[in-house]
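Coordinate inspection notes
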Amino acid sequence: MEHTLTTAWRSPSNIAIIKYWGKHGNQLPINPSVSITLSQAYTETKVSAQRKSGDSTSVAFLFEGKEAPAFAARIEKYIGTLSEFLPFLHDVDLTIESSNAFPHSSGIASSASAMSALALCLADLQMQYTDAPQSPSVFFQQVSLLSRLGSGSACRSVIGPVMAWGETDLIPGSSDVFAVQLHDLDPVFHTMRDAILIVDDGIKSVSSSAGHALMQGHPFGAARLSQVKTHLADLLKALRSGDLEHFTVIAEAEALTLHALMMTSANSYVLMTPNTIQVMNHVRAFRRETGIPVCFTLDAGPNVHLLYPDAHHARVQQWIEDVLLDFCKDRRVIYDQAGHGPVRL
Ligand code: DP6
């Protein structure tokens with residue numbers, strides 16, 4: 001290796017409709033999940049590899065131009081687990097620079113975009129190092145697997161607009177080790193918008209990893225697994241037929257189940273705030289009154305994602321600004337939409 005090798009990728013976050021909650025083994029999900037890949041909430045990461053100067057691989061990490069020791073430690077540990085897949089890591093020192101398009105303090109989960117952007121760069125550098133180009137489908141499948149090892153939900157960010165992760169008879173080719181793109185979607189799902197209402201921008205009181213662990217021996221664990229089967233079968237039907245009414249029912253049931261599981265685990269905890277509940281009630285009332293198919297979902301935090309087809313954007317945006325911003329921290333909202341996944345910069 002004579003020269004420094006460099007690459008940079010932009011990778012988006014994603015919002016799960018069927019939630020991944022509970023894992024086993026090496027980052028394997030206890031149930032299949034389905035998500036929409038976003039476009040505006042992304043991470044950009046640049047990685048350079050130089051010939052190694054010492055015995056072990058050194059990793060220099062800058063987040064938004066500054067050192068970020070907590071995240072650097074997670075990244076170093078993650079990279080340490082990847083050399084069996086990316087042998088070039090034995091020979092190099094790495095310099096990583098990363099930044100997010102969404103404000104760091106927005107309370108938006110950034111592990112999906114951050115880990116997938118990093119996995120893209122590392123897989124790309126491996127390809128450059130061995131000078132052995134891979135087809136896009138092989139490349140993105142491997143990137144999904146590598147992303148999963150960094151953060152489970154990250155494996156669903158690598159393509160779009162709708163991805164599934166976790167082996168199930170209902171999705172041919174599905175796997176526990178990487179995510180696959182869902183085909184045969186009704187066109188309306190290519191136009192889905194996600195308005196992310198920033199109800200609270202604080203750091204999560206319980207990490208997702210700690211939350212996943214509480215699914216082991218959860219009193220409602222078996223019921224959750226059978227509920228997922230029904231939700232997945234119904235969601236796949238709705239995605240193919242464009243049935244937004246059923247899509248809404250499933251998305252909201254999954255969000256409320258996720259939080260109900262947190263509230264009923266051995267070490268129970270509550271991430272919703274009074275404003276989260278106010279917003280959810282407003283969404284249901286607005287839908288009843290207008291017939292506009294807008295629904296809510298939540299990830300592991302208090303912020304509310306509003307999902308709706310692009311055709312209703314103007315009306316929904318007006319309502320968000322007139323009514324819902326009162327429930328948001330500093331009246332903040334991020335307008336995002338379904339996208340097609342990462343791009344090389
Ligand atoms: C609630 O992917 O953050 O957002 O694998 O421990 O990194 P780790 O967990 P993470 O969990 C996300 C859970 C979720 C639901 C989902 O995205 O499916």
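Here we summarise the structure given alongside this text. Computed from a prediction, not measured in an experiment: that's the story for all the values here.

1. Section: the sheet that holds strand β13 (residues 333-337)
Strand order in the open sheet formed by 4 strands is β11-β12-β10-β13, with antiparallel pairing between adjacent strands. On the outer flanks of this sheet lie β11 (295-298) and β13, each paired with one strand and no other. Between one strand axis and the next, the sheet turns by 25° as a mean value, whatever way the strands run. Here 5 bridges tie strand β10 (residues 192-197) to β13, and the two strands are oriented antiparallel to one another. In the strand pairing of β13, Arg 193 is matched with Gln 337. Sitting on the sheet, helix α6 (residues 244-263) is in contact with β10, β11 and β12 (304-309), with an inclination near 30° to β11. Contacting β10, β11 and β12, helix α7 (residues 274-290) crosses the sheet at an angle of about 155° to β11.

2. Digging into helix α8 (residues 313-322)
Residues of α8 that are buried: His 313, Val 316, Trp 319 and Ile 320. Seen end-on, α8 carries its buried residues on one side only, within an arc spanning 135°. Residues of α8 that are exposed and angled more than 90 degrees away from the buried face: Ala 314 and Asp 322. Next to the buried residues of α8 lie β10, α7, β12 and β13.

3. Quick look at the site of the ligand
Around the ligand sit 18 residues, and of these Tyr 20, Lys 23, Ser 151, Gly 152 and Ser 153 come closest. About the coverage of the ligand: the protein hides 92% of its 460 Å² of free accessible area. Looking at which element gives the most residues to the shell around the ligand, the answer is helix α4 (residues 208-213), with 3 residues. The class makeup of the residues in the shell around the ligand is 5 nonpolar, 8 polar and 5 charged.

4. Quick look at the pairing of strand β1 (residues 5-18)
Across the 14 residues of β1, 12 count as buried, placing the element largely inside the fold. In terms of strand pairing, β1 meets strand β4 (residues 33-51) through 12 bridges, oriented antiparallel. Counted as the bridge partner of Ile 18 is Val 34 from β4. Pairing analysis gives 2 bridges linking β1 to strand β14 (residues 343-344), with the strands arranged antiparallel. Within β14, the position partnered with Trp 9 by the bridge is Arg 344.

5. Examining helix α2 (residues 111-130)
Compared with an ideal rise of 1.5 Å per residue, which puts 20 residues at 28 Å, α2 spans 28 Å between its outermost C-alpha atoms and is within 8% of the ideal. The element α2 is largely enclosed, with a buried count of 17 among its 20 residues. Looking one or two residues beyond α2, the residue adopting positive phi is Asp 131, at roughly 55°.

6. Brief notes about the packing of aromatic side chains
Counting across every chain of the model gives 8 aromatic pairs. Ring geometry for Phe 61 and Phe 71: centres 5.7 Å apart, planes at 65°, overall edge-to-face. Here Phe 71 lies in helix α1 (residues 69-80) and Phe 61 lies in strand β5 (residues 59-63), a separation of 10 residues in the sequence. According to the relative accessible area criterion, Phe 61 is buried, its value standing at 7%.

Analysis parameters
Residues numbered from 1 in each chain as written. Predicted model: local features only at pLDDT ≥ 70, side-chain atom pairs only at ≥ 80, totals over all residues. Heavy atoms only, no water. Pairing = 2+ DSSP bridges. Helix = DSSP H or I, 4+ residues; strand = E, 2+ residues; numbered from the N terminus. Axes fitted to C-alpha atoms, helices over the stretch in contact; angles between N-to-C directions. Contact = heavy atoms within 4.5 Å. Buried < 20%, exposed > 50% of the residue type's maximum accessible area, 1.4 Å probe, protein only. Arc of directions from axis to C-beta. Near = heavy atom within 4 Å. Areas by Shrake-Rupley, 256 points an atom, 1.4 Å probe, with all protein chains shown as cover. Nonpolar A, V, L, I, M, F, W, Y, C, P; charged D, E, K, R; others polar. Expected span 1.5 Å × (residues − 1). Phe/Tyr/Trp six-rings, centres within 6.5 Å; stacked < 30°, edge-to-face > 60°.

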